[in-house]
Amino acid sequence: MKYSILKRLKEAAPRFVSGGGLGLRLGVSRTAVWKHIKVLRQEGYLIEGSPRKGYRLLPSGERLNSFEIADQLGTSVIGSEIRYVERIDSTNEYAKKLAAKGCQDGLTIIAGQQTEGKGRLGRKWMSPADSGIYISFLLRPPMAPAETQIFTLAAAAAAAGAIYQSTDIRTGIKWPNDLVINGKKVCGILMEMNCESDRVNHIVLGIGINYSQDAGEFPEELMDKAISLKMAADGREKDSIKFPSKLSLIRTVLRELDNVVKLVLCGRYEEILDIWREYSVTLGREVRFVARGVEYTGRASGIAADGRLLVDCEDGVRRELFTGEVSVRGIYGYT
Ligand code: BTN
């Protein structure tokens, strides 16, 4: 309700809207309107009140909440419902709980902070308040479990595209879906799936972006491996500065995600792979990986729509990697 009032005030600004008119339109009393206005003011919106004219919204600076994220977003799948929470254990876990309660396709959760952010391969994802972006969305795609890997490639492509559009910073995608800048990780993607042998019930895709951390905020073990967009932007020429607010970057990420998810849902995988390849810092490079306890080195030569990385190994055998990790020469300390 409070956001319906805010919407009306935004539409009318800088004009006043009468309290009675707002109440009538929304089917609540003047007192109820006044209570919601009070809450909006507590959230930082500047709302002028006049006994005779009603209320009007004054320029209040940018706020980060579900209303501002959703307002005229223009997506059709992602963000069918948007929930912003200040603090949560993990947006992926929250999305899974809501999935179990039957939430709708496209539900999107954004958090200001995660207390138990999860990374790939059982790792933790550092999720301090304010300086990171934490997003998860839920989908119920009509596809077989083995096909869903394309979503992780699509999410990486969308995040790279959104960051480039918003900051002019070109990230590289390290297989399968780490985004890196100067060999350090700036964004990670975690897909979790609930499925039967031949049918997906739902997938949850979580995206974490290091937005504004300073170098000193990363723990020692990540110092050489992690970077934030802010750190990357600070290292640029002063005249190339383009740095988005968190709200603006989140909205761009959601729009880009919506575009790629629609491509996946109508089977246009090749277009996604093309974007992925455009940003890839793995293809054509020397990589190292461990399979069944044996270490191999080779050249990454291709990517398949099911996410497999094709590697031409030094022993002359072409190997296909489904999951796990590769070290790419020049990234995360592999020299
Ligand atoms: C990785 O290890 O690279 C994946 C990191 C994924 C982090 C994101 S933040 C939003 C979502 N919620 C989580 O708990 N993890 C993902």
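Residues numbered from 1 in each chain as written. Predicted model: local features only at pLDDT ≥ 70, side-chain atom pairs only at ≥ 80, totals over all residues. Heavy atoms only, no water.

## Observations regarding the pairing of strand 7 (residues 178-181)
Here is step 1: Taking every second residue as pointing to the same face, both faces of strand 7 are buried, with Asp178 and Val180 on one and Leu179 and Ile181 on the other.
Here is step 2: Counting the residues between successive antiparallel strands, the hairpin from strand 6 (residues 172-174) to strand 7 contains three residues.
Here is step 3: In this structure, strand 7 lies alongside strand 8 (residues 184-195), joined through three bridges in antiparallel fashion. Paired with Ile181 across the bridge in strand 8 is Lys184. (Buried < 20%, exposed > 50% of the residue type's maximum accessible area, 1.4 Å probe, protein only. Helix = DSSP H or I, 4+ residues; strand = E, 2+ residues; numbered from the N terminus. Pairing = 2+ DSSP bridges.)

## Focus: the pattern of salt bridges
Here is step 1: Overall, the coordinates contain 27 salt bridges when judged by the stated rule.
Here is step 2: Between Lys2 and Glu43 there is a salt bridge, with the nearest N and O atoms lying 2.4 Å from each other. Taken together, the residues span a long stretch of sequence, with Lys2 in helix 1 (residues 2-12) and Glu43 in the loop between helix 3 (30-42) and strand 1 (46-50) at a distance of 41 residues.
Here is step 3: Overall, the relative accessible area of 22% leaves Lys2 in the partly exposed class. (Salt bridge = Lys/Arg side-chain N within 4 Å of Asp/Glu carboxyl O.)

## Some points on the nonpolar core
Here is step 1: By size, the foremost hydrophobic cluster in this structure holds 71 residues, and its most contacted members are Phe151, Leu179, Leu254 and Leu257.
Here is step 2: Among the elements that take part in this core, helix 6 (residues 149-167) stands out by supplying 11 residues, more than any other.
Here is step 3: What Leu254 contacts, discounting residues up to four positions off in sequence, is Ile69, Leu73, Thr75, Ile78, Ile82, Thr108, Ile110 and Ile135.
Here is step 4: Formed by 15 residues, the second largest nonpolar core is a distinct cluster that contains Leu6, Ile37, Leu40 and Phe67. (Core = buried A, V, L, I, M, F, W, Y, C linked by side-chain atoms within 4.5 Å. Contact = heavy atoms within 4.5 Å.)

## Digging into the site of the ligand
Here is step 1: Taken together, 19 residues lie around the ligand, and Ser90, Gln114, Lys118, Arg120 and Lys185 are the ones closest in.
Here is step 2: Here an oxygen atom of the ligand and a side-chain polar atom of Ser90 are 2.8 Å apart.
Here is step 3: A distance of 2.6 Å separates an oxygen atom of the ligand from a polar atom in the backbone of Arg120.
Here is step 4: Among the cavities detected, the one that contains the ligand is the largest pocket.
Here is step 5: Where the shell around the ligand is concerned, the elements lending two or more residues are helix 5 (91-100), strand 5 (132-139), strand 8 and strand 9 (200-210).
Here is step 6: Classifying every residue of the shell around the ligand by side-chain character gives five nonpolar, 10 polar and four charged. (Near = heavy atom within 4 Å. Polar contact = N/O pair within 3.5 Å; in protein donor to acceptor, adjacent residues only side chain to side chain. 1 Å grid on protein atoms, 1.4 Å probe; cavity = no way out; pocket = protein on both sides within 12 Å on 5 of 7 lines; lining within 4 Å. Sits in = over half its atoms within 2 Å of the grid points. Nonpolar A, V, L, I, M, F, W, Y, C, P; charged D, E, K, R; others polar.)

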